[in-house]
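The residues making up each chain are set out below.
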Amino acid sequence: MSMSTNEYEIREDCLYTGKHIWVKVEKGIATIGISDYAQKKMQEILTVELPHLNERIEAGEIIGSLGSIDSALDIISPVSGKIIDVNEELLDNPELINESPYDRGWIVKIEMKNEEELYSLMDPEDYRKYIEEMAEE
């Protein structure tokens with residue numbers, strides 16, 4: 001089953017990782033979640049594991065995970081810093097990630113230590129091409 005990128009919402013104000021994590025940065029705070037593409041691939045998200053508040057993390061570290069009936073996704077932080085907020089509403093309502101991956105389904109907010117880490121992320125156009133290439137495989 002191949003899907004075109006038109007079937008996925010890719011927000012223009014976010015950056016993306018190859019693991020389908022989006023990052024939206026405002027005043028040094030990175031809000032992080034999974035992309036529309038990732039939530040559609042996982043289908044119904046049933047479980048969410050969140051990191052602890054005030055935890056210090058490095059880019060590339062696993063900070064949580066999502067589970068569905070037949071898949072699991074580690075949430076790998078694209079940035080280093082301190083966790084200043086977690087979306088606890090997801091613990092009781094993991095389906096918010098499916099319903100609203102960029103808004104109500106955000107996962108964590110990190111006070112960034114090094115904004116230069118953002119340079120390694122994909123802009124929306126690069127992410128769109130990345131998904132298209134994956135769809136062709």
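Relevant structure appears above.
Below is a short write-up of the structure.

The rules behind the values
- Counting restarts for each chain: residues are numbered from 1 in the order of the written sequence.
- Restriction of local features to residues with pLDDT of at least 70 applies here, the model being predicted, together with a cutoff of 80 or more for giving and counting side-chain atom pairs; totals for whole chains, interfaces and linings are based on all residues.
- To obtain the side-chain values, all non-hydrogen atoms of the structure were used and water was disregarded.
- For this analysis, a ring pair means two rings from Phe, Tyr or Trp (six-membered ring only for Trp) whose centres lie within 6.5 Å, classed as stacked if their planes differ by under 30 degrees, edge-to-face if by over 60, and tilted for the remaining angles.
- A run of H or I in DSSP counts as a helix once it spans at least four residues, and a run of E counts as a strand once it spans at least two, with each numbered from the N terminus.
- Using a 1.4 Å probe on the protein chains alone, a residue whose accessible area is under 20% of its type maximum counts as buried, one over 50% counts as exposed, and one in between counts as partly exposed.
- Contacts between residues were defined by any pair of non-hydrogen atoms, one from each residue, lying within 4.5 Å.
- Counted as a polar contact is a pair of N or O atoms within 3.5 Å, where, for protein atoms, one must be capable of donating a hydrogen and the other of accepting one, and residues adjacent in sequence contribute only when both atoms are in side chains.

### Some words on the packing of aromatic side chains
Between two aromatic rings, the relevant description is the distance of the centres plus the angle of the planes.
Point 1. Applying the stated rule across the entire model yields four aromatic pairs.
Point 2. Their ring planes at 5 degrees and their centres at 4.3 Å tell us that Tyr16 and Tyr127 sit as a pair that is stacked. Of this pair, Tyr16 sits in strand β1 (residues 15-16) while Tyr127 sits in helix α4 (residues 124-136); the two residues are 111 residues apart in sequence, bridging distant segments of the chain. Both residues of the pair, Tyr16 and Tyr127, belong to the buried class.
Point 3. Tyr127 sits in the buried class, given a relative accessible area of 0%.
Point 4. Ring pairs connect the aromatic residues Tyr16, Tyr127 and Tyr130, which therefore count as one cluster.

### Description of the environment of Trp22
Point 1. Among the structural elements, Trp22 can be located in strand β2 (residues 21-26).
Point 2. What makes Trp22 buried here is its relative accessible area of 2%.
Point 3. Separated by 58 residues in the primary sequence, Trp22 and Ser80 place their C-alpha atoms 15 Å from one another.
Point 4. Excluding residues that lie within four positions of it along the chain, Trp22 makes contacts with Cys14, Leu15, Tyr16, Thr31, Ile32, Gly33, Ile34, Ser35, Pro101, Tyr102 and Trp106.
Point 5. One polar contact links the side chain of Trp22 to the main-chain carbonyl oxygen of Ile34, over a distance of 3.1 Å.
Point 6. A polar atom in the side chain of Trp22 sits 3.1 Å from the backbone oxygen of Pro101.

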